[in-house]
Amino acid sequence: MPVEDETHVPVDRFGQWREAFGRLRAAEMTSDHASTFTATMRHVPMGPAIALGASFPSLHVRRTDKMIRARDEEVYHLTMLTAGQGMGSGSSSGPAQRIFPRQVHLVVSSEPYETRFVSTPDSGSVEGIGFDLPISMLPVPAHRVRRLVGRALPTELGMGAVLSAFLLALDRQMPALSALDAARLGTTAVDLLAGFITRELEDEDVLPPETRLRTMLHEVRTFVRQHLHDPELTPSTIAAAHNVSLSYLHRSFTGESQGTTLAAFIRRQRLQKAYQDLMDPTLRALPIHAIAIRCGIVQAPTFARAFRSAYGISPSEHRHESGRQRP
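The rules behind each value
Residues numbered from 1 in each chain as written. Predicted model: local features only at pLDDT ≥ 70, side-chain atom pairs only at ≥ 80, totals over all residues. Heavy atoms only, no water. Pairing = 2+ DSSP bridges. Helix = DSSP H or I, 4+ residues; strand = E, 2+ residues; numbered from the N terminus. Axes fitted to C-alpha atoms, helices over the stretch in contact; angles between N-to-C directions. Contact = heavy atoms within 4.5 Å. Parallel < 35°, antiparallel > 145°, perpendicular 65-115°, else oblique. Buried < 20%, exposed > 50% of the residue type's maximum accessible area, 1.4 Å probe, protein only. Polar contact = N/O pair within 3.5 Å; in protein donor to acceptor, adjacent residues only side chain to side chain.

1. Describing the sheet that holds strand β5 (residues 58-63)
On the basis of which strands lie adjacent, the open sheet formed by 5 strands has the order β2-β5-β10-β7-β8 and antiparallel pairing. Of all the strands in the sheet, just β2 (28-30) and β8 (97-99) have a single pairing partner and so form its edges. This sheet shows a mean twist of 15 degrees between the axes of neighbouring strands, independent of strand direction. Across 6 bridges, β5 lies against strand β10 (residues 113-118) in antiparallel orientation. Looking at β10, one finds that S58 is bridged to V118. Running over the sheet, helix α1 (residues 14-22) touches β2 and β5 and is turned about 150 degrees from β2.

2. Digging into the packing of helix α9 (residues 262-279) against helix α11 (residues 300-311)
Two elements in contact, α9 and α11, have axes separated by 11 Å at closest approach and are oriented at 90 degrees. In this view, α9 runs roughly perpendicular relative to α11, as classed from their interaxial angle. On the side of α9, the interface is formed by L271, Q272, A274, Y275 and L278, while α11 contributes F303, A306, F307, A310 and Y311.

3. A word on the side chain of D171
Among the secondary structure elements, D171 is positioned in helix α4 (residues 158-173). Residue D171 is classed as buried on the basis of its relative accessible area of 15%. A polar contact of 2.9 Å, which involves the side chain of D171, links it to the side chain of R42.

4. Notes on unusual backbone geometry
For residues besides glycine, phi is generally negative; the peptide bonds are generally trans as well. Phi angles above zero are rare outside glycine, and R102 is one such case at about 75 degrees. Inspection of the secondary structure assignment puts R102 in the loop between β8 and β9 (104-108). Note on R102: relative accessible area 41%, which makes it partly exposed. Even without a glycine there, the phi angle at Q258 is positive, about 55 degrees. With respect to the helices and strands, the residue Q258 is situated in the loop between α8 (246-256) and α9. Owing to a relative accessible area of 74%, Q258 belongs among the exposed residues under this scheme.

5. Focus: the pairing of strand β11 (residues 126-134)
With 8 of 9 residues buried, β11 lies mostly within the body of the structure. Across 7 bridges, the pairing between strand β4 (residues 49-56) and β11 is antiparallel. Looking at the pairing, F56 lines up with V126 of β11. Pairing analysis gives 8 bridges linking strand β6 (residues 75-83) to β11, with the strands arranged antiparallel. Across the sheet, the residue bridging to H77 is D132, located in β11.

As C-alpha cells, then:
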C-alpha cells in the first residue's frame, strides 16, 4: 500500500503550516504572507530519514542556540529549491549565501541557522525538496561535513547531478511509494548524499591552490552568465554564493583578468547579451526597455547611456540597423 503520511496535504493557514512543518524541522518560522498564506506540503518516511516537498509564498526559518539547548534532534537538513530563491547561513559557514534553484543547501540541527525563502516574479512561489536524516546515518565524519554546512553547493555535474535527479524523481513519486519502497530508497538517498559530500570534500582537499582558484573563477564567470537577468547580481551576492570574502573575490578576479574588475565583467556581459538580443528577430516585438530588464538593467536611461558608451550607437539605432541588414 502507498504511504499516506500527510502526502500532498494542502495548508491554507500559516498557523497550520507552522505546526505541520515544525514537526519535521524544529525551528522558528515566520512569513511575510502569514495573513494570506496558502501552501502545500508532502512528506514520506524513508526508514529513519524523511523526504519532504513544499510550495509556499515566502518563509523565514530560524534555529537558535536556545532551541538547540532545549532539544537537539541531531539531524542534517538538506534542501534543494526548484523555484524561488533563498538566503541562508550556518554557524560554521561564514557569511550568508544566496541559494538558487538546483543548488543543495545543508544545515544541521546542532548548530544555529537562518534561511529566508522568497518567490521571484517568474516563479510566483517557492518550491523545494528536502531530505532529513540523522547525523549518525551519514557515513562521513561530522567534523568534515561541518565544512559544507550553510553553503549553497552546485549540482550541475557529476555526483551533484545524480543527487539532483534523484531528489526530483523522489518528489514526483512520493504519493506512489509503499512503505517498503520508501525505506529502500532511503538507503539509496543516504548513499548518494554521502557520495556527493565526499566528492565536494575531495575536490577541496586534492586540488592545488592555483587550480582551486581557476576553478572558482570559472564557476564565477558561469554563474554571472546564468544570472544576468537578476538585477541583484553584484560582486557581494556572487561572493556569498561561492562562500568567499568579497575582498578575496575582487582581488582574485582582477588579478586573473588582466585588471578587469568583476563589476566591469558583469556590466560587459549584460551589454553583450542586450546587443545580441536586439539583433534577434524573434525578440523584435519586445520593447527595448524589456530587453534591458532581461539583461538585469532595470533603469532605461542607465541602459541607453551604457549601451551608447560601449558601442557608439543607441539601442534603437542598433536594432534598426540590424533589421535593415537582414534579407
